[in-house]
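Residue-level structure breakdown
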Amino acid sequence: MMSKMRNKGFSLIEIIIAVAVMTLLISPIIAQVFQTIQTSSRSKETQYVIDNAEMVLEYFRANSLSDLAVTGDKGDAVTLVSNGENPKYYDGKDHYNDPSKKHSKVSCNVWKSASGSYSNSGSVSYSVIDYTLESIQLGKEKNTYSRVVSLDDLSNRVMAETGLEIRHDVTNAELEALKTASSSQGYNWKITTEGNAAATDSDGHVIAVLATDKGGTYHDPNTTTLGNIQNIDSYSMAIIEGTQATTDNQFQQDFISNMVDIIARKKHELIANGTYDDYKDKDKLNDAFEVIRQSNSSSFSRMIKLSITGEDIVGSKPSYYRVTCDVYYKAIYSFLGENFGSDASDNEPFRYNIFSQDFYTSEPPDVLFIYEPFVRRTDSSYVSYADKEYFLVKGDRYTSGSIAGTDASKVYLVKSDSTWAQEMYEKYPSTFGNGLANPFTTAKQGKELNDNYNYFLTRRGSYYPVQLYVNQIVDSSDTGTNPIQIITNVSYKPDATDPDDIMNSVVNGLRQFVTSQISSTDTSVPDMGLLATESNLAYPGAGSAANEIGDITFPDGETKKAITYPLDDKRLEGRLYSITVKFDNLTRTVDATRYFTGAKGAD
């Protein structure tokens, strides 16, 4: 009986009660385990999001706007896709109707923090370019995230317009105080990964930001103009430097060769009159050349002919681009009783190709041209550049931006700080200056102190601008071609009272650039070497009130000055931007939107 009693098991009720008790005891542990697993999974997923955001930020930091202009796979981190809005986007150089981006203007209220108080300091308008990226699955759960990258210049506009700067050290306590101070505005303030206090709209654009006092003034580089020439690379830009002086010397040597031929023909006559020895050695021939040049100075001239064209057209696009530059000289002179130069063939030996290169680039090349006028006369009473110089520029529909949506080449015509005229003045001030003030001030800040520092001046009793005649070459088979824009520091004057500065103003009654049509019947003009289908036309602005410089109008209606100073080159490439990457979890929509911020162009 006792044995049976000892083998008796638990009743069903006891088991149920035991399980219930065990469940009550273990449930929190199980919940904690699942929560730990979920937290770990979410933490790992968050790290995946952070890693991906860093990849995206790095990509946008490293690539130019033009590199981001085309939709498609950009690598492991980035694929640009359509956002369905198909806006017009303009970066100052290229035009795109690209559905992967939206270019917007946004208004942002700027709140100022000072001594623990917060006040609204007004609003600024800033630019935003939104890029829609391909959605991505991240984490163990494979949650899908949408991604939008925004480039904006808000920080620059805040500093330029309000004198404040955005804070990057906002604490949670300050955030709460800011929320209280701005409660009537209904902003949803948050602290970003860079420590900013910002509120955003439904597109993720900042519509309110916290700032503080900034010492000194600030000029926004994104609205001012670029003072640098970008992409100076001989594989993508034609660099023509120093070759003019070389051809000037070559012209002199070839001219002297003509003199030698004349001397050979006149040898017996010269011996008979006892003057043959005057032309026997090189130094005497050079002296004779100087005498001819001084005696016929108005009949010695030079023309530079620059061509930028698309070649081997396939479909509607060139396979490559060709840049050539030729220099033509004209010399009308008499020597030993023989007259030359009235026939065009007399000057055929004085034509030189100084540059020819093909560019296998995706867009037409720019040209960097280091320029100095022809040194025509150097006697002691008249140390001078030529009075006139001729510059012809040929483009076509593929290089001049005359086709909507295509790039336009530019010619950077650059006057260096050290020129022949400046060196001559410093070496021979009594001869070159003849009592006149130094027109080439080289003291500190000389460029700013001397109005005519960037002019090429010729000496005729006083200083006058070399008249640089600029014309466009057009081909009858290539209708509608725009002139190529010339960006130059020649004749540029900074003006403290005029934010647009001054180009091509009158000095002693003359301008540096002359845009009217060059007459082929002018005896001082070298033969232009034009084809039967080519002609030369005035550059935009001939006879205009704006210092004889007009506008080039592009197919989209935009206008640019035909000749302008480098600081008017307003491309967006190379500017300063803030970058914001917005991640939205499309699978788990209750999660908050995550923002990651960085900077572009501020290295």
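Residues numbered from 1 in each chain as written. Predicted model: local features only at pLDDT ≥ 70, side-chain atom pairs only at ≥ 80, totals over all residues. Heavy atoms only, no water.

For the rest of this paragraph, the subject is the pattern of salt bridges. Within this structure, the stated rule accounts for 14 salt bridges. As a salt-bridge pair, Arg588 and Glu141 come within 3.3 Å of each other at their nearest N and O atoms. Of this pair, Arg588 sits in the loop between strand S34 (577-585) and strand S35 (594-600) while Glu141 sits in the loop between strand S6 (117-138) and strand S7 (143-152), and the two are 447 residues apart along the sequence. Between Asp478 and Arg397 there is a salt bridge, with the nearest N and O atoms lying 2.6 Å from each other. Taken together, the residues span a long stretch of sequence, with Asp478 in the loop between strand S25 (467-475) and strand S26 (485-488) and Arg397 in the loop between strand S21 (388-394) and strand S22 (410-414) at a distance of 81 residues. (Salt bridge = Lys/Arg side-chain N within 4 Å of Asp/Glu carboxyl O. Helix = DSSP H or I, 4+ residues; strand = E, 2+ residues; numbered from the N terminus.)

Ranked by internal contacts, the top residues of the largest apolar core, which has 64 residues, are Phe251, Phe255, Val367, Phe369, Phe391 and Ile486. Grouped together as the second largest cluster of nonpolar side chains are 19 residues, Val49, Tyr145, Leu151 and Phe596 included. (Core = buried A, V, L, I, M, F, W, Y, C linked by side-chain atoms within 4.5 Å. Buried < 20%, exposed > 50% of the residue type's maximum accessible area, 1.4 Å probe, protein only.)

Further remarks concern the packing of aromatic side chains. Per the counting criterion, the structure on display carries 15 aromatic pairs. Measuring from ring centre to ring centre gives 5.4 Å for Tyr329 and Phe374, while their planes differ by 75°; the resulting arrangement is edge-to-face. Taken together, the positions of Tyr329 in strand S14 (residues 317-331) and Phe374 in the loop between strand S18 (366-370) and strand S19 (375-379) put the pair 45 residues apart, joining distant regions of the chain. The buried category is assigned to Phe374, whose relative accessible area is 1%. Taken together, the aromatic side chains of Phe251, Tyr329, Phe350, Tyr352 and Phe374 make up a single cluster linked through ring pairs. Cation over ring: Arg351 sits above Tyr328, and NZ or CZ is 5.4 Å from the ring centre. (Phe/Tyr/Trp six-rings, centres within 6.5 Å; stacked < 30°, edge-to-face > 60°. Lys NZ or Arg CZ within 6 Å of the ring centre and 35° of its normal.)

A word on unusual backbone geometry. Positive phi is not limited to glycine here, since Lys142 has a value of about 55°. The backbone phi angle of Asn508 is positive, close to 50°, even though this residue is not glycine. In this fold, Asn508 is placed in the loop between strand S28 (502-503) and strand S29 (513-514). The class of Asn508 is partly exposed, set by a relative accessible area of 45%.

Turning our eyes to something else, we now look at the sheet that holds S26. If you trace the 5 strands from one edge of the open sheet to the other, you get S12-S18-S22-S26-S33, paired in parallel fashion. Two strands bound the open sheet, and with one partner strand each, they are strand S12 (237-240) and strand S33 (563-564). Relative to S33, S26 is paired through 2 bridges, and the arrangement is parallel. Counterpart to Ile487 in the pairing with S33 is Thr564. (Pairing = 2+ DSSP bridges.)

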